[in-house]
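Working through the structure, step by step
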Amino acid sequence: MSNAIEMKSAVVAEIAEKLEKASSVIVLDYKGLTVEQVTELRSQMREAGVEYKVYKNTLVRRAAKENGGEAFANFNDEQLIGPNAIAFGYDDPVAPARILKGFMDKNPDKITLKMGVVEGEFYDESKIVALASIPPREVLIAKLLGSLKAPMSNFVYLVNAIAKKQEEAEA
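What you see is a predicted model, and the numbers here were worked out from it, not measured in a lab.

**Observations regarding the overall build of the protein**
Within the protein, the secondary structure is distributed over six helices and five strands. Starting at the N terminus and ending at the C terminus, the protein contains elements arranged as α-β-α-β-α-β-α-β-β-α-α. Against the compact-globule benchmark of 16 Å for 171 residues, the protein has a radius of gyration of 24 Å, which places it well outside the compact range. Referenced to the eigenvectors of the C-alpha coordinate spread, the extents of the protein come out at roughly 95 × 35 × 25 Å. Here the protein, with 171 residues, has 34% of them falling under the buried criterion. For the protein, the share of sequence-separated contacts (at least 6 apart) that also reach a separation of at least 24 residues comes to 79%. A total of about 10,600 Å² of accessible surface is found on the protein, and carbon and sulfur atoms cover 56% of it.

**Here's the deal with the pairing of strand β5 (residues 121-124)**
Summarising the sheet, strand β4 (residues 112-118) and β5 pair through four bridges and their orientation is antiparallel. Residue pairing in the sheet places Val118 in a bridge with Glu121 of β5. Adjacent in sequence and paired antiparallel, β4 and β5 are bridged by two residues, among which Glu119 carries a positive phi angle near 50°.

**A short note on the sheet that holds β4**
Taken together, the five strands give an open sheet; going across it, the order is β2-β3-β1-β4-β5, and neighbouring strands pair in antiparallel fashion. With partners counted over all chains shown, the strands left at the sheet margins are β2 (50-53) and β5, one partner each. The mean angle between the axes of side-by-side strands here comes to 15°, regardless of whether they run parallel or antiparallel. The pairing of strand β1 (residues 24-29) with β4 spans six bridges and is classified as antiparallel. Paired with Val27 across the bridge in β4 is Met115. Contacting β1, β2 and β3 (84-89), helix α1 (residues 3-21) runs over the sheet at an angle of about 145° to β2.

**Quick notes on the pattern of salt bridges**
As a working rule, side chains carrying opposite charge can pair if their charged atoms are close by. Tallied over the full model, the rule gives seven salt bridges. In this structure, Lys18 and Glu51 form a salt bridge, with 2.5 Å as the shortest nitrogen-oxygen distance. Highlighted residues: Lys18 in helix α1 and Glu51 in strand β2, separated in sequence by 33 residues. A salt bridge links Lys101 to Asp105; the shortest N-O distance between them is 2.8 Å. Of this pair, Lys101 and Asp105 both sit in helix α4 (residues 95-106), separated by four residues, roughly a single helical turn. Given a relative accessible area of 24%, Lys101 falls into the partly exposed group.

**Let's talk about the packing of aromatic side chains**
Evaluated as defined, the whole model comprises one aromatic pair. Here Phe72 and Phe75 contribute two aromatic rings whose centre-to-centre distance is 5.2 Å and whose plane-to-plane angle is 70°, an arrangement assigned as edge-to-face. Considered together, Phe72 and Phe75 belong to a single accessibility category, that of buried residues. Lys21 extends its terminal NZ or CZ atom over the ring of Tyr90, reaching a point 5.8 Å from the ring centre. Across from the ring centre of Tyr123, 5.7 Å away, lies the NZ or CZ of Lys127, which sits over that ring.

**Considering helix α5 (residues 125-132)**
Inspection of α5 places Ile128, Leu131 and Ala132 among the buried residues, and these make up the whole buried set. Projected down its long axis, α5 carries its buried residues within an arc of 100°, all on one side. Buried residues in α5 make contact with β1, α4, β4 and β5.

What counts as what
Residues numbered from 1 in each chain as written. Predicted model: local features only at pLDDT ≥ 70, side-chain atom pairs only at ≥ 80, totals over all residues. Heavy atoms only, no water. Helix = DSSP H or I, 4+ residues; strand = E, 2+ residues; numbered from the N terminus. Rg over C-alpha atoms; globule rule 2.2 N^0.38 Å. Buried < 20%, exposed > 50% of the residue type's maximum accessible area, 1.4 Å probe, protein only. Contact = heavy atoms within 4.5 Å. Areas by Shrake-Rupley, 256 points an atom, 1.4 Å probe, with all protein chains shown as cover. Pairing = 2+ DSSP bridges. Axes fitted to C-alpha atoms, helices over the stretch in contact; angles between N-to-C directions. Salt bridge = Lys/Arg side-chain N within 4 Å of Asp/Glu carboxyl O. Phe/Tyr/Trp six-rings, centres within 6.5 Å; stacked < 30°, edge-to-face > 60°. Lys NZ or Arg CZ within 6 Å of the ring centre and 35° of its normal. Arc of directions from axis to C-beta.

What follows is the structure, encoded as structure tokens:
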């Protein structure tokens, strides 16, 4: 085998491994970004534990085909056209969508979300935007704990109010 073919097959294996390990994979068109904006986006991704890479479309298609799975069936010639970048989320499946949506809000008409796979399910652009609106895990846990705590707190306030009323009546 020639050296170029070996290098390409190594990249395909790398992409296939990332597609398999990632809990979310989002493909975006980045052709409107300046170097400064790409640097800012990469920095935000890195801070959140998200990997942002640019690969050749043919290699991504081949890796998606190797990876199998129905979710990656849409990673085909019709969808992967033009300059594309891929955001791989490993720990938090919502993090890439949230970061990209926030970046799109600050820089309108610069990037376009094309498609993605989140926990084995295919997502189009509208589903990715909807996914981005889900609050972070910590916020959801805090809301849940607040909801669980509220009835107990109300009961304690009620008992305390009854006790104060009885003390006032006795005095």
